[in-house]
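# Tertiary structure, described
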Amino acid sequence: MRRMPGQPRNSRTSEESRNSRIQRQVMQLIIDRRLQAGALLPTEAELMEDLGVSRNSVREALKALQALDIVEIRHGYGTYVGQASLTPLIDGLTFRTLARHDHDDSGALAEILQVREVLEEGLIRRVAATLTEAELDRLEAVVARMEAAGRAGRAFPDLDREFHELLYASLGNDLVPQLLAAFWTVFRRVSGARGRPDDPSPDLTAGRHRDIVTALRSRDVEGAQRAMAVHFRGIAARAGQERFPPPPPLPFPSLGAAPPDPPSA
């Protein structure tokens, strides 16, 4: 909001602070009443009375919470608890990356990719020793479809995403697939906006996923982690984003380890 002539400089700060406080109070109300996504919130008049604020303040707070997907305003019907999805995070990260003023697209994308790499290399250690044969069979089926697409020279971003979501499904952690999908979506959006290739070497990508499954079949935790690292270095090299040095090799390579990273195609 632009400061009006004669308006004290700290007036805007005070107003923003008040709006933030009301937003927190609405969120606390949702938590205290154990309202689930899709539940109807109190009316504006009820919120005014409960919070002791004006109608305009309630409306401003609800608009801000709607932008965060915490509430959903359905005009003519009321205000409902939102899904609290990671959409605002995705939009914010996409904008932040595209709006970088240093024009270092490779560096910005590398930062996003590095976060996802760190997450997955840690997560794969958790699932490597616990995946069942049935879960491994499902992963192998996805890899087989990747290989078929690779032989035909077709890229397979949807299969790639399915593989990584399926890989960690056994953790039973709802946040993991949401967080990985968020970074995946940001990476794809920015890559598309910058005209970077999705996957110029589908057969190589399929082979790297095969290496991950092979190590998992052998219950080779270090080998699975190493194969995942090779996979991510391949993504960085394909998009011209390899900014961070590759991780040092893990000690005592086992038979199920992934092969060294081949030269970029």
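Above: the structure in question.
Residues numbered from 1 in each chain as written. Predicted model: local features only at pLDDT ≥ 70, side-chain atom pairs only at ≥ 80, totals over all residues. Heavy atoms only, no water.

## Quick notes on the overall build of the protein chain
Secondary structure assignment for the protein chain yields 10 helices and two strands. In the protein chain, the order of α-helices and β-strands from amino to carboxyl end is α-α-α-β-β-α-α-α-α-α-α-α. When burial is assessed residue by residue, the protein chain has 38% of its 265 residues classed as buried. Considering only intrachain contacts with a sequence separation of at least 6, the fraction spanning at least 24 residues in the protein chain is 71%. (Helix = DSSP H or I, 4+ residues; strand = E, 2+ residues; numbered from the N terminus. Buried < 20%, exposed > 50% of the residue type's maximum accessible area, 1.4 Å probe, protein only. Contact = heavy atoms within 4.5 Å.)

## Points about the packing of helix α6 (residues 133-151) against helix α7 (residues 157-167)
For the pair α6 and α7, interaxial distance at closest approach is 10 Å and the crossing angle is 170 degrees. Considering their axes alone, α6 and α7 lie roughly antiparallel with respect to each other. For the pair α6 and α7, contact is made by R138, L139, V142, V143, R145 and M146 and by L159, D160, E162, F163, L166 and L167, respectively. Split by residue class, the contact of α6 with α7 holds eight nonpolar, no polar and four charged. (Axes fitted to C-alpha atoms, helices over the stretch in contact; angles between N-to-C directions. Parallel < 35°, antiparallel > 145°, perpendicular 65-115°, else oblique. Nonpolar A, V, L, I, M, F, W, Y, C, P; charged D, E, K, R; others polar.)

## Some points on the pairing of strand β2 (residues 78-81)
One ladder, built from four bridges, connects strand β1 (residues 71-74) with β2; its direction is antiparallel. Looking across to β2, one finds that V71 is bridged to V81. From the end of β1 to the start of β2, which pair antiparallel, there are three residues, and G76 there has a positive phi angle of about 90 degrees. (Pairing = 2+ DSSP bridges.)

## Remarks on the pattern of salt bridges
Taken as a whole, this structure holds 15 salt bridges when the rule is applied. Here R189 makes a salt bridge to D91, at a shortest N to O gap of 2.9 Å. Taken together, the positions of R189 in helix α8 (residues 175-193) and D91 in helix α4 (residues 87-98) put the pair 98 residues apart, joining distant regions of the chain. Residue classification places D91 among the partly exposed positions, given a relative accessible area of 38%. Its salt-bridge partner being E133, residue R219 comes within 3.5 Å of it at the nearest N-O pair. Note that R219 is positioned in the loop between α9 (202-217) and α10 (221-238) and E133 in helix α6, a separation of 86 residues in sequence. (Salt bridge = Lys/Arg side-chain N within 4 Å of Asp/Glu carboxyl O.)

## Topic: the packing of aromatic side chains
Overall, the coordinates contain zero aromatic pairs when judged by the stated rule. For R188, the ring lying beneath its charged end belongs to W184, and the centroid distance is 4.9 Å. (Phe/Tyr/Trp six-rings, centres within 6.5 Å; stacked < 30°, edge-to-face > 60°. Lys NZ or Arg CZ within 6 Å of the ring centre and 35° of its normal.)

## So, the environment of T185
Relative to the assigned elements, T185 resides in helix α8. What makes T185 buried here is its relative accessible area of 19%. On a C-alpha basis, the gap between T185 and T94 in space is 8.7 Å, while along the polypeptide they are 91 residues apart. Once residues lying within four places of it in the same chain are set aside, the contact partners of T185 are I90 and R161.

## Focus: the nonpolar core
Core analysis: the biggest nonpolar cluster contains 39 residues, and I124, L139, F163, L167, Y168 and L216 have the highest contact counts within it. Within the residue set of this core, elements represented by two or more residues are α4, α5 (105-128), α6, α7, α8, α9 and α10. Non-local contacts of L167, meaning those with residues more than four positions away in its chain, are made with I124, V127, L131, L139, L216 and M228. (Core = buried A, V, L, I, M, F, W, Y, C linked by side-chain atoms within 4.5 Å.)

## Re the side chain of H164
When you line up the elements, H164 lands in helix α7. By relative accessible area, H164 is classed as buried at 3%. Polar contacts involving the side chain of H164 include one to the side chain of H231, which spans 3.4 Å. Contact partners of H164, with chain neighbours within four places excluded, come to R116, E120, H209, M228 and H231. (Polar contact = N/O pair within 3.5 Å; in protein donor to acceptor, adjacent residues only side chain to side chain.)

## A few points about α6
Relative to the 27 Å expected for 19 residues at 1.5 Å per residue, α6 spans 26 Å between its end C-alpha atoms, a close match to the ideal helical length. Taken together, the buried positions of α6 are occupied by E135, L136, L139, V142, V143, M146, A149 and G150. All buried residues of α6 lie within an arc of 135 degrees about the axis, which places them on one face of the element. Contacts made by the buried residues of α6 are with α7 and α9. Residue G153 follows α6 closely and has a positive phi angle near 75 degrees. (Expected span 1.5 Å × (residues − 1). Arc of directions from axis to C-beta.)

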